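# Structural features, examined
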Amino acid sequence: MAQTRENREVDGVHVQLTNLDKVLYPATGTTKAEVIDYYQAIAPVAVPHLRDRPLTRKRWPNGVDKTAFFEKRLPSHAPAWIRRGAQHHSDGESLYPVVENTADMVWLGQQAALELHVPQWTFIADGENEEPGPPDRLVLDLDPGPGSTLDDCAALALRIRDLLAAMGLDGHPVTSGSKGMHIYSTLPGGLSSPGARKVAHAIASQLEAESPELVTASMSKDQRGGRIFVDWSQNSGSKTTISPYSLRGREHPWVAAPRSWDELSRPGLQQLEFHDVLARVRTSGDLLAPLLSGTPAPPEPVDLDEYRAKRDAAKTPEPFGGAASTGDPIFVIQEHHARRLHYDFRLEHDGVLASWAVPKNLPDDPAVNHLAVRTEDHPMDYAAFEGSIPKGEYGGGDVSIWDHGTYELEKWRKDEVIVTLHGARLRGLRYALIRTGEKNWLAHLTKDKTAPAKAAAAQAPDPMLPSESTIDRLSGEDWAFEGKWDGYRIMATVRGGALSLRTRSGRVVTGEFPEFESLARDLDGMDVVLDGEAVVLDDAGVPSFHLMAGGESRTGAVRLYLFDVLELNGVDLTKRPWSVRREVLESLAPLLDSDDSIGVPALVEASTGLVAATLSAERGWEGIVAKRRDSPYLPGQRVRAWLKHKNWRDLQVAIGGWKPGKGSRANRIGSVLVGLPAETGLVYLGSVGSGLRDRDLDALAQRLEPLRMKRSPFTASIDDPDARDAVWVLPQVVGDVRYSSLRRGGHLRQPSWRGFRDDLLPGDLPGEAEIPWEGPDE
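For the protein, an unreviewed UniProt entry supplies the name DNA ligase (ATP) and the organism Tsukamurella paurometabola. Check the Cofactor (unreviewed entry) section of the UniProt entry for the protein; it says "Mn(2+)". The UniProt entry for the protein carries this comment under Catalytic activity (unreviewed entry): "ATP + (deoxyribonucleotide)n-3'-hydroxyl + 5'-phospho-(deoxyribonucleotide)m = (deoxyribonucleotide)n+m + AMP + diphosphate."

Moving on: the pairing of strand β24 (residues 370-378). Looking at chain direction, strand β23 (residues 352-358) and β24 are connected through four bridges and run antiparallel. Its bridge partner lying in β24, Trp-356 is registered against Arg-374. Bridging between β24 and strand β29 (residues 440-445) involves four bridges; their strand directions are antiparallel. For Ala-372, the partnering residue across the bridge sits in β29 and is Trp-441.

In this section: the pattern of salt bridges. Two side chains bearing opposite charge may form a pair once their charged atoms approach each other closely. For the structure on display, the rule yields 46 salt bridges. The salt bridge involving Arg-430 is made with Glu-410; its shortest N-O contact spans 2.7 Å. Highlighted residues: Arg-430 in strand β28 (residues 427-435) and Glu-410 in strand β26 (residues 397-413), separated in sequence by 20 residues. Taken individually, Arg-430 and Glu-410 each receive the classification buried, so the pair is uniform in this respect. Within this structure, Asp-486, Asp-736, Arg-738, Arg-754, Arg-757 and Asp-759 form a network of salt bridges that share partners.

Here we come to the sheet that holds strand β5 (residues 56-59). Taken in spatial order, the four strands of this open sheet run β6-β5-β9-β17, and their pairing is antiparallel. Edge positions in the sheet fall to β6 (69-71) and β17 (241-242), since each has one partner strand and no second. Relative to β6, β5 runs antiparallel, the two sharing three bridges. Following the sheet pairing, Arg-59 is matched in β6 by Phe-69.

Many analyses report the size of an interface as the accessible area lost when the parts associate. By the assigned domains, the protein splits into domain 1 (5-119), domain 2 (135-239), domain 3 (328-445), domain 4 (465-646) and domain 5 (649-770). Each of domain 2 and domain 4 has a C-alpha centre, and these two points are 28 Å apart. On the side of domain 4, 19 residues touch domain 2, which itself brings 20 residues to the contact. On the domain 2 side of the interface with domain 4, the three residues burying the most area are Ala-166, Met-167 and Lys-198, jointly 38% of the side's total. The tally of links from domain 2 across to domain 4 stands at one salt bridge. In this structure, Glu-583 engages Arg-159 in a salt bridge whose closest nitrogen and oxygen atoms are separated by 2.7 Å. For the pair domain 2 and domain 4, the number of links is six residue pairs in polar contact (both at pLDDT 80 or more). Mapped onto the side of domain 2 that touches domain 4, the elements with two or more residues apiece are α3 (150-166) and α4 (193-210). The greatest single-element share of the side of domain 2 that touches domain 4, amounting to nine residues, is contributed by α4. The residue makeup of the side of domain 2 that touches domain 4, split by class, is eleven nonpolar, six polar and three charged.

Turning our attention to unusual backbone geometry. For Asp-11, which is not glycine, the phi torsion reads 55 degrees and is therefore positive. Mapped onto the elements of the fold, Asp-11 is located in the loop between β1 (5-10) and β2 (13-18). Of note in the backbone geometry, Tyr-245 takes a positive phi value of approximately 80 degrees without being a glycine. Mapped onto the fold, Tyr-245 is located in the loop between β17 and β18 (254-255).

Strand pairs in the sheet, formed through backbone hydrogen bonds, run parallel or antiparallel to each other. Ordered by their spatial adjacency, four strands build an open sheet running β30-β39-β38-β31, and the pairing between neighbours is mixed. The open sheet has two free edges, formed respectively by β30 (465-468) and β31 (479-484), since each of these has just one partner strand. Across this sheet, the average inter-strand angle for adjacent strands is 40 degrees, counted without regard to direction. Across the sheet, helix α10 (residues 578-588) touches β31, β38 (623-628) and β39 (638-646), and the angle it forms with β31 is around 55 degrees. Sitting on the sheet, helix α11 (residues 609-618) touches β31, β38 and β39, and the angle it makes with β38 is about 150 degrees.

This part takes up the pairing of β5. The sheet contact formed by β5 and strand β9 (residues 113-118) spans four bridges and is antiparallel. By the bridge assignment for β9, Arg-57 is matched with Leu-116.

The subject of this paragraph is the nonpolar core. In terms of nonpolar packing, the biggest core is built from 68 residues, with Leu-142, Phe-513, Phe-516, Leu-519, Leu-523, Leu-530 and Leu-588 touching the most fellow members. In terms of residue count, the dominant contributor to this core is α3 (ten residues). Counting only domains with at least three residues in this core, you end up with domain 2 (135-239) and domain 4 (465-646). Among residues more than four places away in sequence, those in contact with Leu-588 are Ala-202, Met-526, Val-528, Leu-530, Val-565 and Leu-568. In this structure, Val-10, Met-105, Ala-112 and Leu-114 belong to the second largest nonpolar core, which totals 43 residues.

What follows deals with the environment of Val-542. Turning to its location among the elements, Val-542 is positioned in the loop between β34 (528-536) and α9 (545-548). Between the C-alpha atom of Val-542 and that of Trp-621, which follows or precedes it by 79 residues, the distance is 6.4 Å. Setting aside residues up to four positions removed in sequence, Val-542 forms contacts with Val-536, Leu-537, Arg-619, Gly-620 and Trp-621.

This paragraph deals with the packing of aromatic side chains. Under the defined criterion, the tally for this structure stands at 19 aromatic pairs. Centre to centre, the rings of Tyr-307 and Tyr-382 are 6.0 Å apart; their planes meet at 90 degrees, and the pair counts as edge-to-face. Separated by 75 residues along the polypeptide, Tyr-307 in helix α7 (residues 305-309) and Tyr-382 in the loop between β24 and β25 (387-389) bring together distant segments of the chain. For the pair shown, Tyr-307 and Tyr-382 are each scored as buried. Their ring planes at 80 degrees and their centres at 5.1 Å tell us that Trp-485 and Tyr-561 sit as a pair that is edge-to-face. Of the two residues, Trp-485 is situated in the loop between β31 and β32 (488-495) and Tyr-561 in strand β35 (residues 558-568); the sequence distance between them amounts to 76 residues. Judged by its relative accessible area of 10%, Trp-485 is buried. Under the relative-accessibility criterion, Tyr-561 is labelled buried at 15%. Each residue in the set Phe-331, Phe-345, Trp-356, Trp-412 and Trp-441 is aromatic and connected to the rest through ring pairs, giving one cluster. Just above the ring of Trp-356 sits the side chain of Arg-374; from NZ or CZ to the centre is 4.8 Å.

About the thresholds
Residues numbered from 1 in each chain as written. Predicted model: local features only at pLDDT ≥ 70, side-chain atom pairs only at ≥ 80, totals over all residues. Heavy atoms only, no water. UniProt positions renumbered as here; feature names shortened; annotations may be inferred. Pairing = 2+ DSSP bridges. Helix = DSSP H or I, 4+ residues; strand = E, 2+ residues; numbered from the N terminus. Salt bridge = Lys/Arg side-chain N within 4 Å of Asp/Glu carboxyl O. Buried < 20%, exposed > 50% of the residue type's maximum accessible area, 1.4 Å probe, protein only. Domains from an automatic or database assignment. Contact = heavy atoms within 4.5 Å. Buried area = accessible area lost by both parts, 1.4 Å probe. Polar contact = N/O pair within 3.5 Å; in protein donor to acceptor, adjacent residues only side chain to side chain. Nonpolar A, V, L, I, M, F, W, Y, C, P; charged D, E, K, R; others polar. Axes fitted to C-alpha atoms, helices over the stretch in contact; angles between N-to-C directions. Core = buried A, V, L, I, M, F, W, Y, C linked by side-chain atoms within 4.5 Å. Phe/Tyr/Trp six-rings, centres within 6.5 Å; stacked < 30°, edge-to-face > 60°. Lys NZ or Arg CZ within 6 Å of the ring centre and 35° of its normal.

Written as structure tokens, this is what we have:
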């Protein structure tokens, strides 16, 4: 006679087992004893996927052919050794069991808890309490409708693996033990449950867009038909999923079983019963083990060799180590009485204090710049250092803190840094550090002393730039063709639900485009860096720079065309091919604002560059950008892996002066004198008067009048009647002109003013060696 009761010792505790001979799976005759034995045997690989997660159980105390019920709260009679985890609900606090060991698994088997459901997050310590933490994994549930098979789910899973890889994520398949399968992936730290849910929704929507006859992302059951439903909602903080290695309450004792990708590529995939799973674990171990090792990479080691080489730790009280701060980046200004009094300005950057010696301290007048000499990086704990460095030692003298606080980063390049300081003395002041030599920099207090929006601290990379070239012979197999949009290049960053918009020159323009605020809402919970163009469409639906450059007086709605993604949830995508980044971008497109103010324009489908260029001209576009499908994203570089073809010529230029007007423009500006930067000034390219409307003339006068200077900023005397009686100005205003040709050594032919380029600085313009001359001297 079979034993029906047992007092089993597991993990040092005694578990009372009863009704061991009860059949829980009538179709196979599987008993409660076999279920308990399975859970005890599988515990070493199952518990790690349950640990620290609140457990919801689905119980079949009388077998799977009888009524089942869900149980969330842990009953009061549960053994004391079971860990409790508290969750707060609208109706109060509930205690859930949290599985930690084999004894817990045996007890669950005794309870006939055949299905073990957990969320995608774990409890984390919060002082003396535990609180739900951020998600540590993502899951997609493939639920096949009538007519769809497990093999169909497997084929879709292979496509999901590719999409996850494009996002820098891994993929791990699990046949669910029911009808379909689950795909798990680790997640980078810091992503919220809403963010994970949006990532999953983006993938599901992308799959539906690719194969609407086979896949649906709709939560509405009457919309699913006979397609595979990709359930993305289980990433919500309140949702749960069957845990890997859990049994299922189906006709057979099937298991949520981890599988290999090789298995999914072969036809005839079947759900696995518990004895099959045990045999696989004995030979192959836990196929989901990589899901448990998704720990963030350690930070890059900082280089303080130069700092340490100049100091003797036995002789100076200065610190020699220290970790980066955990909040906003810090700054410190230290008053240093060495051989001569100077001030040391230090900014936290990449785990060290980037340092400048500023003899006269930071300026307090925008009209006066101060010298700043770049010195060696200092350790982070130097920010708190005050004391005396012994005479004879490097930097000997007294050091005290003059000011300290945090800062917001607007730009950090090798030759330019822009920050807004929030200190005790320097409050909300915006400084630019501009490199002028190997170690010499200038410290400049900007005229705009207003601190930029908090979101501006999230710095996006500089944009990658295309080279101008013919594209006629490019093949559509190797190259992708996009429209060249006639607007302002925009780098958009969403972090923590906050939006930051930067122009190509690095200027933060978030507040200038309220139309794009929906991007932060659409992608809330995600961290994303996007590349695009802000445009205004004319009556024909064609982007028009002339309309875009109107600034506050512009007419027409501004739109944001997105064409690349550089980062997603902490994953750097810049080293991945364009084709992969495009795939990720298209997966995000369904999440974007539905009123057409933000979107991802379709590619130009063309067999060659010539066909693409012809199509763009027919549509009235500015031109075509051709991108190699295998090209990585190289921030700030002009590359030949991206080529631009223009249907007409345009050039960004600096204004070096103006000529007084006559006739209808009497007592106003008649034309502007323009050029491009050279080492000693501007190379003169001629005057531009055509295309200037009355409001353009008013705006030019307002901008140029304060910039008057006595000397010409151009590199050579100008033998041009248009330059007589010229008024010279500092070349700080950038404009956009259209022209027919520019012969070597000559001037722009038929130039026409198109508008201001407020997104660019003079330093962003082509240099003397890059002037687009089109032929020999005439």
